[in-house]
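If you want the building blocks of each chain, they are given just below.
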Amino acid sequence: MEVLIFPDAQSLACKSADLVESQIKTFPDSVIGLATGSTPLGLYEELIRRHNENDLSFTGVKTFNLDEYVGIPANHPQSYRTFMDDNFFCKINIDSSNTQVPNGMAENPLDVGPAYEKMIEKAGGIDLQVLGVGTDGHIGFNEPTSSLGSMTRVKTLTKQTIEDNSRFFKPDEFQPKLAITMGIKTILDARRILLLALGENKAEAVKDMIEGPLSSMCPASALQLHQRTTILLDEPAASKLSLKGYYKFVGEMQDDLVRKHRPSDWISR
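Residues numbered from 1 in each chain as written. Predicted model: local features only at pLDDT ≥ 70, side-chain atom pairs only at ≥ 80, totals over all residues. Heavy atoms only, no water.

J.: Any details on the overall build of the protein? Residues and values, ideally.
T.: When helices and strands are counted, the protein shows 8 helices and 10 strands. Whereas a compact globule of 269 residues would reach a radius of gyration of roughly 18 Å, the protein reaches 18 Å, a difference of no more than 12%. Over its C-alpha atoms, taken along the principal directions, the protein stretches across nearly 55 × 40 × 35 Å. Put simply, 80% of the contacts in the protein that link residues at least 6 apart link residues at least 24 apart. Accessible area for the protein stands at about 12,400 Å²; split by element, carbon and sulfur atoms hold 53% of it. One way to put it: in the protein the 28 positive side-chain charges average out to a point 3 Å from where the 36 negative ones average out. (Helix = DSSP H or I, 4+ residues; strand = E, 2+ residues; numbered from the N terminus. Rg over C-alpha atoms; globule rule 2.2 N^0.38 Å. Contact = heavy atoms within 4.5 Å. Areas by Shrake-Rupley, 256 points an atom, 1.4 Å probe, with all protein chains shown as cover. Lys, Arg positive; Asp, Glu negative; His and termini not counted. Charge placed at Lys NZ, Arg CZ, Asp CG, Glu CD.)

Put into structure tokens, the structure is as follows:
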């Protein structure tokens, strides 16, 4: 697990975009797992800028989103399909047929997970998975106590997650309590993982993820098992790390090594 700490959200967004851009330029047919929420918006905005100004192309890229609510249609304002279309897909040159989001309106939601796993397998697996982390340590909608060996499936959301996401729904609007999410094993099967965390409200979860024990009570701690995970944090999100100074020192040393010896070491496949 590589931990990188940045002074602010903008510098974090630029670095994460550097890494995603390197992946796409090296492998134009990359398969990328994507996350929703406020945390990756800076990354998406920077990638859109590079597409518009620097001709970064997404024509060969395939994407799989982590999750979707059960019970709201794809065109609902709070669906994750709408979020991705509005904030990313419709602003780049990606083929919409290459963008996959779980079907929250399937006749039988229990059938969606196995079918989604087959689509990922058919695409050749995920080269790079982008993640955020919840205040309780969840990744995707893998809530605390989720199996570390889980695959894409229906999950019941915790009260904390429902409360955290309630700001996106009107007081009289239906707010789902179920979601379809990639499982922890599905995430760990990605060849490369990039997790972004911003803000002091994520600091406790970040500490548990990086420095705490491997535990289903903090699903993100499963990333300790992955050989090629990079964690990008702003200063507030990193504020509770016991070894914060060490991570910064390691980052400086790694930058020097990669520049001198293996400039494309970050790329997966």
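J.: Account for the layout of surface pockets, with residues named and values stated.
T.: Estimated volume of the largest pocket: approximately 700 Å³. Looking at the largest pocket, it is lined by 33 residues, and the ones nearest its centre are Thr36, Gly37, Ser38, Asn165 and Arg167. Looking at the lining of the largest pocket, its residues break down into 14 nonpolar, 15 polar and 4 charged. (1 Å grid on protein atoms, 1.4 Å probe; cavity = no way out; pocket = protein on both sides within 12 Å on 5 of 7 lines; lining within 4 Å. Points joined across faces, edges and corners; volume = space filled by probe spheres on them. Nonpolar A, V, L, I, M, F, W, Y, C, P; charged D, E, K, R; others polar.)

J.: Residues and numbers for the sheet that holds strand β2 (residues 31–34), please.
T.: Strand order in this open sheet of 7 strands is β1-β10-β9-β6-β2-β3-β5, and the pairing throughout is parallel. Each of the sheet's edge strands pairs with one partner strand only, and the pair in question is β1 (2–6) and β5 (99–100). Relative to strand β3 (residues 62–65), β2 runs parallel, the two sharing 4 bridges. For Gly33, the partnering residue across the bridge sits in β3 and is Phe64. Each of β3 and β5 is contacted by helix α4 (residues 112–122), which is oriented at about 155 degrees to β3, the strand it contacts most. (Pairing = 2+ DSSP bridges. Axes fitted to C-alpha atoms, helices over the stretch in contact; angles between N-to-C directions.)

J.: Report on the packing of helix α1 (residues 9–26) against helix α2 (residues 41–54), specifying residues and quantitative values.
T.: Direction vectors running N to C along α1 and α2 enclose 60 degrees, while the axes themselves pass 8 Å from each other. By the angle class used here, α1 and α2 are oblique. Crossing handedness for the pair α1 and α2: right-handed. Contacts between α1 and α2 involve Gln10, Ala13, Cys14, Ser16, Ala17, Asp18, Val20 and Glu21 on the former and, on the latter, Gly42, Leu43, Glu46, Leu47 and Arg50. Across the contact of α1 with α2, the residue classes tally to 6 nonpolar, 3 polar and 4 charged. (Parallel < 35°, antiparallel > 145°, perpendicular 65-115°, else oblique. Left-handed = near helix turned anticlockwise from the far one by under 90°.)

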